[in-house]
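Analysis of the macromolecular model
One letter stands for each residue in the lines below.
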Amino acid sequence: MRYTEHLIELDGLTKGFGKQEVLNGLDLRLPPGVHALLGPNGAGKTTLVNILSTLTSPDSGAARVLGLDVRRDKRELQGLISLTGQYAAVDGQLSGIENLLMMGRLFGLSRRAAAARAADLLDRFDLAKAAGRRVGTYSGGMRRKLDIAVSLIAHPELIFLDEPTTGLDTRSRRALWEEITALAAGGTSIFLTTQYLEEADVLAERVLVLNGGRIVADGTPSQLKENVGGSTIQVHDGHGRVIEEIPTRGSAADVSRRLAALAAARPDVQVTVRRPTLDEVFLQLTGKKAA
Ligand SMILES: Nc1ncnc2c1ncn2[C@@H]1O[C@H](COP(=O)(O)OP(=O)(O)OP(=O)(O)O)[C@@H](O)[C@H]1O
């Protein structure tokens with residue numbers, strides 16, 4: 001990476017709207033990689049992404065992205081990042097392919113490279129048939145997919161994806177996951193917000209949970225699961241289906257006590273023990289169920 005060992009650095013970052021404090025003094029150091037920001041509705045995920053991508057100014061504190069200050073070095077930073085989500089600009093007057101080519105050229109791809117990459121992305125996101133149509137005539141879902149494709153056309157240092165797969169069909173969601181994995185393998189960092197914990201689990205090296213204006217958890221998916229502790233004993237029926245889940249504290253003593261009680265009551269029952277899921281981590285940290 002060009003500027004610093006840190007992808008994102010926050011020091012005492014705050015942001016509010018009127019009397020409402022949304023980000024309440026965030027401190028963070030993130031290395032390059034794929035990172036997911038989780039949090040209940042209204043936690044401030046979009047607000048943080050907007051600050052990091054220079055769309056919104058923080059009230060106080062510092063935010064550096066790729067070593068650049070989001071306020072002072074705004075222009076330079078804008079040339080190194082791309083953003084998709086509710087605010088990304090796709091021109092409704094242009095066709096799908098024209099939007100892609102324009103963005104590819106803006107990011108410095110040759111005409112030929114931009115055309116090849118555009119054709120590949122249109123195909124992956126099932127937009128090839130509509131490629132020549134004005135985007136103004138696209139459905140909401142098609143627009144969303146084009147918005148994502150536009151942000152992926154070049155290889156910026158860092159891509160922000162704000163709830164990228166909300167409302168996408170399964171095929172497009174998988175296509176996006178593959179694109180993210182391929183971009184990350186090529187050295188592009190990704191910062192995504194998501195309501196889908198499975199998405200964070202599959203993609204992210206590091207997961208951050210935002211709640212009540214603060215980052216309440218920060219770690220790899222497995223670290224977060226370990227912190228929750230409590231493995232669960234699953235009881236299966238004769239067909240291998242789980243018919244009951246018995247929560248435990250996760251210690252050998254507690255698991256064996258509960259297994260002993262189960263064995264005494266139902267000696268022939270089949271069991272497995274599973275680690276906590278990211279859903280359970282989220283529930284414990286925020287008191288809310290994920291989407
Ligand atoms: N421009 C604005 N003016 C006033 N309030 C705002 C503005 N933008 C966001 N907010 C408020 O700030 C809080 C955080 O909003 P934000 O969109 O960042 O949350 P989020 O975590 O992205 O939520 P969701 O998961 O629902 O998308 C909300 O209470 C929202 O109403």
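Treat the numbers as computed from the prediction; the structure is a model and nothing was measured. Each chain carries its own residue numbering, running from 1 in the written order of its sequence. Selection of residues for local features in this predicted model requires a pLDDT of at least 70, selection of side-chain atom pairs for listing and counting requires 80 or more, and totals for whole chains, interfaces and linings are taken over all residues. Only heavy atoms go into the side-chain values, all of them from the structure, while hydrogens and water stay out.

Re the pattern of salt bridges
What counts is decided by this rule: A pairing counts as a salt bridge when a side-chain nitrogen of Lys or Arg comes within 4 Å of a carboxyl oxygen of Asp or Glu. When a residue's accessible area, from a 1.4 Å probe over protein chains only, is under 20% of the maximum for its type it is buried; when over 50% it is exposed; and in between it is partly exposed.
For the structure shown, the criterion picks out 20 salt bridges. Across the salt bridge formed by R241 and D237, the nearest N and O atoms sit 3.3 Å from each other. The partner of D254 in a salt bridge is R249, with the nearest N and O atoms 3.8 Å apart. Judged by relative accessible area, which is 1%, D254 ranks as buried. Look at R249 and you get exposed, because its relative accessible area is 60%. Members of the salt-bridge network, linked through shared partners, are R117, D120, R124, E178 and E179.

Describing the side chain of T193
What counts, and what does not: Secondary structure is summarised from DSSP: a helix means a run of H or I of at least four residues, a strand means a run of E of at least two, and numbering begins at the N terminus for each. Pairs of N or O atoms are called polar contacts if they sit within 3.5 Å, as long as, within protein, a hydrogen donor faces a hydrogen acceptor (for residues adjacent in sequence, only side-chain-to-side-chain pairs). In what follows, a contact means two residues having at least one pair of non-hydrogen atoms within 4.5 Å.
Mapped onto the fold, T193 is located in strand β8 (residues 189-193). Polar contacts involving the side chain of T193 include one to the main-chain amide nitrogen of E163, which spans 2.8 Å. Setting aside anything within four residues of it in sequence, one finds T193 in contact with L37, K45, V49, L161, D162, E163 and P164.

Concerning the domain arrangement of the chain
Basically, it comes down to this: The split of the chain into domains comes from an automatic or database domain assignment.
When its domains are assigned, the chain resolves into domain 1 (8-225) and domain 2 (230-275). A straight line from the C-alpha centre of domain 1 to that of domain 2 covers 41 Å.

A short note on the sheet that holds strand β4 (residues 60-65)
This is how the line gets drawn: Being paired, for any two strands, means DSSP has found at least two bridges between them. In this description, a line fitted to the C-alpha atoms serves as the axis of each element, helices being fitted only across the stretch in contact, and the angle between N-to-C directions of two axes falls anywhere from 0 to 180 degrees.
The sheet built from four strands is open, its strands ordered β2-β1-β4-β5 with antiparallel pairing. If you trace the sheet from one side to the other, it starts and ends with β2 (20-30) and β5 (68-69), each paired once. Judged from the two bridges that link them, β4 and β5 form a sheet pairing that is antiparallel. Its bridge partner being in β5, R64 is matched across the sheet by D69. Sheet strands in contact with helix α1 (residues 45-52) are β1 (8-17), β2 and β4, and its direction is about 120 degrees off that of β1.

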